[in-house]
Amino acid sequence: MKLLPRVCPACDEDLQVKRLRCPTCETEVEGAFGLPGLARLPVEDQAFIWEFVKASGSLKAMAKLLGLSYPTVRNRLDDIIIRIKNADTQRNTLDHSVDERSDKTHE
Amino acid sequence: MSDDTMHAIQPPRKTWTSVLFNPFQYVAGGMALVIGLGLMVAAAYIGSISHTHFDGVLDVHSGLKAPTWFFLVEVLIGWLSLVAFLAIAGLIAAQSRFRLVDILGTQALARGPMVLAAAVFLLPGVQRFTTYLLHKLPTLTQSPPAAPADLWKDLPLADAFVFATAMIVTLLMTIWMVALMYRGYAVSCNLRRGRAVISFITALIAAEVAAKLAIVAIARTTGILS
């Protein structure tokens, strides 16, 4: 399966989903759907989180699985946490500015 | 998805450079501590035979005769002093939590090159040249100074060459050790670039001063240094 692109190749902005299709009955739904937070992370981060949850959140088990030391794996998790927090902040700022614009329109 | 995910998070391939200069990607904590302690004991033991002192965090000196326990104490003080200051630096500079055992382990393993530095001083040429230098010391410091021709007329050239080579090897081992100390600290506390470099250098200088003072104090108290 192809990898889901997350950002626009032209301007680097986050992409949205425009159309969804059922592979069985071919029903299509069209609209503007935002990608869930996890899907907006880089593929390596998504894969790390996937395996981390499978390992019951054990960094020791992840270190063993990847053949890396405990602090190296923990640093990778810390970096993902920072990226998630930054994405949250970015999203909140965006939501806030959208709310302000819609308030002004209503006035 | 399992094969895809594993492929996406596979660590970079092990290379000689990564193993030599950043082994802490693969080993840290308790395992590094056990290996590092073994290497430190070996360095102290070989040092006691070749009269090589690791009398500080970065210092390597040869010559002074001392009991075996003193060589071990010197190595342990150098290690623990750096661990203490790096832990303080980590508490100030790191943005995430870290484990003390990782700093203890990585800094112990980082002292591995000391074994090679101590072994180099076992070479008979180095031993003979060190004795020669110690014998010449009063002539070098006398007043008025001796004429250069008198100073070097009986210079053992072959031994001097071996000694110079040993010094270069020791210097390279020290550089390697500092590189390992830095990588160990950066990995243990998840620090990068300016923040890592500045906090590491500050801790290294403070640890060097503290270790030196402690070692000299012990040497004076026990009568090893008069």
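Residue positions are counted from 1 within each chain, in the order its sequence is given. To read the labels, note that chains go from A and ligands from 1, taken in the order they are written. In keeping with the predicted nature of the model, local features appear solely for residues at pLDDT of at least 70, side-chain atom pairs appear and are counted solely at 80 or more, and the whole-chain, interface and lining totals rest on all residues. Note that the side-chain values use all heavy atoms of the structure and ignore hydrogens as well as water.

Colleague: Quick one: what's the story with the overall build of chain A, residue by residue and with numbers?
Modeller: Within chain A, the secondary structure is distributed over three helices and two strands. Strands here are runs of E lasting at least two residues and helices are runs of H or I lasting at least four, both read from the DSSP assignment and numbered beginning at the N terminus. For chain A, the succession of helices and strands along the chain, N to C, is β-β-α-α-α. Just to be clear, the radius of gyration here is over C-alpha atoms, and the globule rule we use is 2.2 Å times residues to the power 0.38. What you see for chain A is a C-alpha radius of gyration of 18 Å, clearly larger than the 13 Å of a compact globule of 107 residues, by over 25%. In terms of overall dimensions, chain A has C-alpha extents of about 55 × 40 × 30 Å along its principal axes. Taking all 107 residues of chain A together, the buried fraction comes to 26%. In what follows, a contact means two residues having at least one pair of non-hydrogen atoms within 4.5 Å. Of the contacts formed within chain A by residues at least 6 apart in sequence, a portion of 31% connects residues at least 24 apart. Roughly 8,000 Å² of accessible area belongs to chain A as shown, and the carbon and sulfur atoms make up 57% of that amount. Charge assignment in this entry is limited to Lys and Arg as positive and Asp and Glu as negative, and neither His nor the chain termini are counted. Note on charges: their place is set at NZ of Lys, CZ of Arg, CG of Asp or CD of Glu. On chain A, the mean spot of the 16 positive side-chain charges and the mean spot of the 17 negative ones are 8 Å from each other. Relative accessibility decides the category of a residue: with a 1.4 Å probe and only protein chains considered, values under 20% of the type maximum give buried, values over 50% give exposed, and everything between is partly exposed. Each accessible area value is a Shrake-Rupley result obtained with a 1.4 Å probe; residue values ignore everything except the protein chains displayed when judging cover.

Colleague: Residues and numbers for the pairing of strand S1 (residues 16-21) of chain A, please.
Modeller: Residue and element names in this part refer to chain A. Paired strands, in this sense, are two strands between which DSSP finds at least two bridges. For S1 and strand S2 (residues 28-34), the ladder comprises five bridges, and the chain directions are antiparallel. Its bridge partner being in S2, arginine 21 is matched across the sheet by glutamate 28. Between the antiparallel neighbours S1 and S2 lie six residues, among them glutamate 26 with a positive phi of about 65°.

Colleague: Before we move on, can you summarise the packing of aromatic side chains with the specific residues and values?
Modeller: The pairing test for Phe, Tyr and Trp rings, Trp by its six-membered ring, is centres within 6.5 Å, and the orientation test on the planes gives stacked under 30 degrees, edge-to-face over 60, and tilted for anything in between. Under the defined criterion, the tally for this structure stands at six aromatic pairs over all chains. Ring geometry for tryptophan 69 of chain B versus phenylalanine 70 of chain B: centroids 5.8 Å apart, planes at 90°, classification edge-to-face. With a relative accessible area of 42%, tryptophan 69 of chain B lands in the partly exposed category. Placement of a charge over a ring requires the Lys NZ or Arg CZ to be within 6 Å of the ring centre, with the centre-to-atom vector within 35 degrees of the ring normal. Directly above the aromatic system of tyrosine 26 of chain B lies the positively charged group of lysine 14 of chain B, at a separation of 4.8 Å from the ring centroid. Cation over ring: arginine 99 of chain B sits above tyrosine 70 of chain A, and NZ or CZ is 3.8 Å from the ring centre.

Colleague: With reference to specific residues and values, describe the interface of chain B and chain A.
Modeller: Contacts between the two partners involve 22 residues from chain B, matched on the other side by 22 residues from chain A. Approximately 1,700 Å² of surface area, both sides summed, lies buried where chain B meets chain A, with 57% of it carried by carbon and sulfur atoms. By convention in these notes, a salt bridge is any Lys or Arg side-chain nitrogen within 4 Å of a carboxyl oxygen on Asp or Glu. If you look at where chain B meets chain A, you find one salt bridge. A salt bridge links arginine 192 of chain B to aspartate 79 of chain A; its shortest N-O distance comes to 2.6 Å. We define a polar contact as two N or O atoms separated by no more than 3.5 Å, with the added condition that, inside protein, one atom must be a possible hydrogen donor and the other a possible acceptor, whereas residues neighbouring each other in sequence contribute only through side-chain atom pairs. The tally of links from chain B across to chain A stands at eight residue pairs in polar contact (both at pLDDT 80 or more). If you list the elements that add at least two residues to the side of chain B that touches chain A, you get helix H1 (2-9) and helix H9 (157-189) of chain B. At five residues, the largest contribution of residues to the side of chain B that touches chain A is made by H1 of chain B. When two parts are put together, the accessible area they lose, computed with a 1.4 Å probe and summed over both, is reported as buried area.

Colleague: Just give me the short version of a nonpolar patch on the surface, but keep the residues and values in it.
Modeller: Grouping into patches uses exposed residues only, defined as over 30% relative accessible area, and leaves out salt-bridged ones; the cut-off is 9 Å for like charges and 5 Å for nonpolar side chains (Val, Leu, Ile, Met, Phe, Trp, Tyr). A cluster of nonpolar side chains, contributed by Val197, Ile201, Ile205, Val209 and Leu213 of chain B, occupies part of the molecular surface with about 450 Å² of accessible area. For leucine 213 of chain B, a relative accessible area of 60% gives the class exposed.

Colleague: So what's going on with helix H1 (residues 43-54) of chain A? Which residues, and what values?
Modeller: All names here are of chain A. In a helix, the anticipated span is given by 1.5 Å times the number of residues less one. Compared with the 16 Å implied by 1.5 Å per residue over 12 residues, the 17 Å span of H1 between its first and last C-alpha is a close match. Among the residues making up H1, those that are buried are Asp45, Ala47, Phe48, Ile49, Glu51 and Phe52. A positive phi of about 60° marks serine 56, the residue just after H1.

Colleague: Go over the confidence of the model for chain B, please, and point to the residues and values.
Modeller: Every residue is assigned a pLDDT by the predictor, reflecting its confidence on a scale from 0 to 100. Taken residue by residue, chain B gives an average pLDDT of 89. The fraction at 70 or more is 93%. Here helix H8 (residues 148-151) of chain B is the element of chain B with the lowest mean pLDDT, 66, and helix H5 (residues 100-110) of chain B is the one with the highest, 97.

Colleague: Now, about the side chain of serine 69 of chain A: what can you tell me, with residues and values included?
Modeller: Along the chain, serine 69 of chain A turns up in the loop between helix H2 (59-66) and helix H3 (70-106). In this structure serine 69 of chain A touches Ala63 of chain A together with Phe24, Gln25, Tyr26, Val27 and Ala28 of chain B, once residues within four positions along its chain are discounted.

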